[in-house]
Structure formats: C-alpha cells, structure tokens
Amino acid sequence: MKMQQLLGPKTRGTDEVDAKTPLPTRSDMLFGYATQQAHVSFRNSKYGSWYIQTITKVFMEHAKDRELSSMLRMVNKFVSLKSASCPESPEFHGGKESCEFVDTLRDDVYFFPGIK
C-alpha cells in the first residue's frame, strides 16, 4: 500500500461545526488526584498526606523556574518512592501510592513568569 493511500487524499476538504461553543467546556483545566482510582492514599499522622506534603515541597522549591506539568510529574515520582509505615495495619504496611493528574491545558503554566 502506498503512503498516500494511508494518509488519505491530498485535499483536506472543509470542516463542519458539530457544537455551538468554540472550545470544549473542560478546556484549560487540570485535575490532580492524591491516588489513582480504586487505590488508597496515605497520610502521616503528624505531617499529613504524602501528596500534600510533596506538592508543597516541590512547588516551594521549583515554582520559580518550572512549568506546572513538570512539577506534577516530580510530585508523582517522589510520592511513588515512599513506602507506608503502618505497624497497626499490616495489610497496608509497606504500601505504595501513585498520584496522578489529568490536564486539558493548551499552554504551559508558570506561577511566577519572568521572576528569576
């Protein structure tokens, strides 16, 4: 099969609108979750949830020079490296957590653009 057959005709044709709004209603949104669906998240009795601890630390250290999505990937990495210490709940002792985020952002997001 020739490449052009796989790609379709050379002319693009015309586009048709199938909705009245110019952008989907969930454009430019970001959703962050402490854990993946159907899994548990962990919270230290003294310092709070792993996710909030980590997001606070990463944002405080990197918001001045890193883009939001890259910081959330760092949060995912650091949270996934932790292991739960739950001696009173043996089924969770040594447990792991993996947070996630979903975004429909169309541009990079910086909290302090231009500040060095």
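Scroll up to find the structure.
Just so it is clear, the structure is predicted and the values come from calculations on it, not from any experiment.

On to the side chain of Ser 69. Position of Ser 69 relative to the elements: it lies in helix H3 (residues 68–81). In contact with Ser 69, other than residues within four places in its own chain, are Phe 101, Asp 103 and Leu 105.

This paragraph deals with the layout of surface pockets. Estimates place the volume of the largest pocket at around 240 Å³. As for the largest pocket, its lining consists of 14 residues, and the residues nearest its centre are Arg 43, Asn 44, Trp 50, Ser 85 and Cys 86. Elements supplying a minimum of two residues to the lining of the largest pocket: strand S2 (43–44) and helix H2 (50–62). By residue class, the composition of the lining of the largest pocket is seven nonpolar, five polar and two charged.

Both trends apply: most residues other than glycine have a negative phi, and most peptide bonds are in trans. Phi at Asp 28 takes a positive value of approximately 60 degrees, unusual for a residue other than glycine. On the secondary structure map, Asp 28 appears in the loop between helix H1 (3–7) and strand S1 (30–33). Assessed through its relative accessible area of 38%, Asp 28 is described here as partly exposed. The phi angle at Ala 38 is positive, at roughly 75 degrees, despite the residue not being glycine. Within the secondary structure layout, Ala 38 lies in the loop between S1 and S2. For Ala 38, a relative accessible area of 79% translates into the label exposed.

In an α-helix, one turn spans 3.6 residues, which is why side chains three or four residues apart end up on the same side. Between its terminal C-alpha atoms H2 stretches 18 Å, which fits the 18 Å expected from 13 residues at 1.5 Å a residue. Within the span of H2, buried status applies to Trp 50, Tyr 51, Thr 54, Ile 55 and Val 58. Buried residues of H2, viewed axially, fall in a sector of 115 degrees; they line one side. Relative to its buried face, H2 has exposed residues pointing more than 90 degrees away, namely Lys 57 and Met 60.

Thresholds applied
- Once a new chain begins, its residue numbering starts again from 1 and follows that chain's sequence as written.
- Only residues with pLDDT of 70 or above have their local features reported here, since the model is predicted, and side-chain atom pairs are shown and tallied only from 80 upward, although totals for entire chains, interfaces and linings are computed over all residues.
- The side-chain figures draw on all heavy atoms in the structure; neither hydrogens nor water molecules are used.
- A run of DSSP states H or I qualifies as a helix once it reaches four residues; a run of E qualifies as a strand once it reaches two. Both are numbered from the N-terminal end.
- The contact definition used throughout considers only heavy atoms, calling two residues in contact when any of these lie within 4.5 Å.
- The way it works is a 1 Å grid over only the protein atoms, where trapped points that fit a 1.4 Å probe form a cavity and open points with protein on both sides within 12 Å along at least five of seven lines form a pocket, and then any residue with an atom within 4 Å of a point lines it.
- Grid points are joined across faces, edges and corners, and a volume is the space filled by probe spheres set on the points.
- Residue classes follow a fixed rule: Ala, Val, Leu, Ile, Met, Phe, Trp, Tyr, Cys and Pro count as nonpolar, while Asp, Glu, Lys and Arg count as charged, and any other residue, Gly among them, counts as polar.
- Buried, partly exposed and exposed residues are distinguished by accessible area as a fraction of the type maximum, computed with a 1.4 Å probe on protein chains only: under 20%, between the cut-offs, and over 50%, respectively.
- A helix's residues, less one, multiplied by 1.5 Å, set its expected span.
- Arc, as used here, means the arc of the directions from the helix axis to the C-beta atoms.

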